[in-house]
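The lines below spell out each chain.
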Amino acid sequence: MAKAQPVRGTHDLLPDDFAAHREVISVARQTAATFGYREMATPIFEFTDVFARSMGETSDVVSKEMYSFDDRGGESITLRPEYTAAICRAFISNGLQQNVPFRAFGAGPMFRYERPQKGRQRQFHQIDIEIIGAPEPAADVEVISVGAEILNRLNVLHKTVLHLNTLGDPESRDGYRAALVAYFNDHRDKLSEDSLGRLSRNPLRILDSKDEGDRRIVEHAPLFGDYLNQQSQDFFGTVLFGLDTLGIAYELNPRLVRGLDYYTHTAFEFVTDALGAQGAVIAGGRYDGLIGQLGGPATPGIGWAGGIERLAMLSGATGEAPRPIALIPIGEAAETEALKIGQALRRDGFIVDQAFRGNLGKRMKRADKLNAAAALIFGDDELAKGVVQVRDLTTGDQSEVSLDGITRALAGHEGSRA
RNA sequence: GCGGGUGUAGCUCAGUCGGUUAGAGCGCCAGAUUGUGGCUCUGGAGGUCGCCGGUUCAAUUCCGGUCACUCGCCCCA
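As the structure is a prediction and not an experimental result, all values here were calculated from the model.

## Observations concerning the protein's contact with RNA strand B
Part 1: Lining the immediate surroundings of RNA strand B are 48 residues, of which Q126, R205, A280, R310 and E382 lie closest.
Part 2: In RNA strand B, atoms within 4 Å of the protein come from the sugar-phosphate backbone in 56% of cases.
Part 3: Here a sugar or linking oxygen of RNA strand B sits 3.4 Å away from a polar atom, N or O, in the main chain of I282.
Part 4: Only α3 (60-65), β6 (123-132), α7 (193-201), β10 (280-286), α13 (360-369) and α14 (380-385) provide two or more residues apiece to the surface near RNA strand B.
Part 5: At six residues, α13 tops the list of elements feeding residues into the surface near RNA strand B.
Part 6: For the surface near RNA strand B, the class distribution of residues is 14 nonpolar, 13 polar and 21 charged.

## Let's talk about the sheet that holds strand β15 (residues 387-392)
Part 1: The mixed open sheet is built from five strands, whose spatial order is β13-β12-β14-β15-β16. With one partner strand each, in any of the chains shown, β13 (352-354) and β16 (398-402) form the two edges of the open sheet. Each neighbouring strand pair of the sheet contributes to a mean axis angle of 30°, computed without reference to strand direction.
Part 2: Bridge analysis of strand β12 (residues 325-329) against β13 gives three bridges, and the strand direction is parallel. Following the sheet pairing, L327 is matched in β13 by Q354.

## Considering helix α12 (residues 332-347)
Part 1: With 16 residues, α12 should reach 22 Å at 1.5 Å per residue; the first-to-last C-alpha distance of 23 Å fits that figure.
Part 2: Looking at the buried positions of α12, the neighbouring elements they touch are β12, β13, β14 (374-378), α14, β15 and α15 (406-409).
Part 3: Count one or two residues on from α12 and you reach G349, which has phi positive near 100°.

## Section: the domain arrangement of chain A
Part 1: On domain assignment, one finds that chain A holds domain 1 (15-169 + 229-315) and domain 2 (325-416).
Part 2: Using C-alpha coordinates to define each centre, domain 1 is positioned 48 Å away from domain 2.

## Digging into the packing of aromatic side chains
Part 1: Within this structure, the stated rule accounts for five aromatic pairs.
Part 2: A ring pair is formed by F91 and F102, whose centres lie 6.0 Å apart and whose planes are at 50°; its orientation type is tilted. With F91 in helix α4 (residues 84-93) and F102 in strand β5 (residues 102-111), this residue pair connects regions lying eleven residues apart in the sequence.
Part 3: Owing to a relative accessible area of 17%, F102 belongs among the buried residues under this scheme.
Part 4: Residues Y183 and F184 carry aromatic rings whose centres are separated by 5.3 Å and whose planes lie at 65° to one another, so their mutual orientation is edge-to-face. The burial state of Y183 is the same as that of F184; both residues are buried.
Part 5: Residue placement shows R103 over the ring face of Y37; its charged tip is 5.8 Å from the ring centre.
Part 6: A cation over a ring is seen here: R417 above F350, with NZ or CZ 4.2 Å from the ring centre.

How each quantity is defined
Residues numbered from 1 in each chain as written. Chains lettered and ligands numbered in written order. Predicted model: local features only at pLDDT ≥ 70, side-chain atom pairs only at ≥ 80, totals over all residues. Heavy atoms only, no water. Near = heavy atom within 4 Å. Polar contact = N/O pair within 3.5 Å; in protein donor to acceptor, adjacent residues only side chain to side chain. Helix = DSSP H or I, 4+ residues; strand = E, 2+ residues; numbered from the N terminus. Nonpolar A, V, L, I, M, F, W, Y, C, P; charged D, E, K, R; others polar. Pairing = 2+ DSSP bridges. Axes fitted to C-alpha atoms, helices over the stretch in contact; angles between N-to-C directions. Expected span 1.5 Å × (residues − 1). Contact = heavy atoms within 4.5 Å. Domains from an automatic or database assignment. Phe/Tyr/Trp six-rings, centres within 6.5 Å; stacked < 30°, edge-to-face > 60°. Buried < 20%, exposed > 50% of the residue type's maximum accessible area, 1.4 Å probe, protein only. Lys NZ or Arg CZ within 6 Å of the ring centre and 35° of its normal.

What follows is the structure, given as structure tokens:
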């Protein structure tokens, strides 16, 4: 092991990475804001129970992927593996049922102990929106359309496909699940080992198995459509109609199921094939039972989470450092004057770079390397006249400008403001 | 958690059929050019060849283990 190695599955976000990261967040934040979602944050850790009860003890995340530990007071604490349960807990804790429908946007780190891959890290970051207290299918349409609009503004919508399915209401889902379990039990001798495990934990997942043998059995498995009650069908129909109205394209995918217990009705994923095996960039669904399971008043909800790293990769966003204004004093008196000029320019919003050492040539090279938009050059001669040389480093044009005219002379460099 | 690939300078990569001082391009530093950047030229710094162990007179090279990344499974964002 090399020295100073980061923990497996964690990554540093250096300034360029961070700029791309922040771009995803700010596009999402702005887009969500236009729909009335307000940003909030919850703690990065919660009582383990918050996730164990909501996501289901048998889910992969809870059973083997959580960063859980006992704190010094003996409480079992877990670094959040997802945002939804935490926001729902906050909804209950703060008595927000007065405020429904409650729309929230959040962004931050999540933690799962998984085997790292491209697009899969142990600390990763998500953007997340939730709408709580809206049982109407219009909320499903809205939440999906927020996601589509964010992808659109990030210029990646065309690289994704929206997969859509319904899990129905609890009655439909339980009925289907029972039928599936009965069917697969009759064929358990032919199921893969993975699927035998799924049979007890989450039989719906067998539908999505990639195993050849499993697929042959799945072909003749009962269909969800036959178990959806009228209400669930109507609900889903309304969602589809809304998406059609908005011109949001989707593919119905009856194999799209969720690994977490709390989902009902609409389940969806924006998937890309451009990132290898980790193709879901935004995924979510309706969770009408979740808040009740957490001990709150029965309240429906729907939302999604998007992987910031995956979105940043997909958009190809690369952070670019802004172009500063370089201050290049020559001589001691000018160094002193430079402090004052720099202060004034910064108060005016400019990004100002001041080298701490070097002669004129050195500092010009540095200014060039920083991709500075302009250099302000001044020595004793200029100070005596109360001027500075303003050199445009793109064009090479240079002119003498009086001290109180610097801001005006930099008018063409709005891109150099922070 | 399971199976495969990879690991040589800050970055991208050559190379060593086991043998003396391990290379290139880019980048970095300095000089040509002590009041004017980009181009060019010259010079320089920078490597425990991922780590630990084994075999060997000798290992960066072969073998084992390990760590990290990566591809697929699993799971998901």
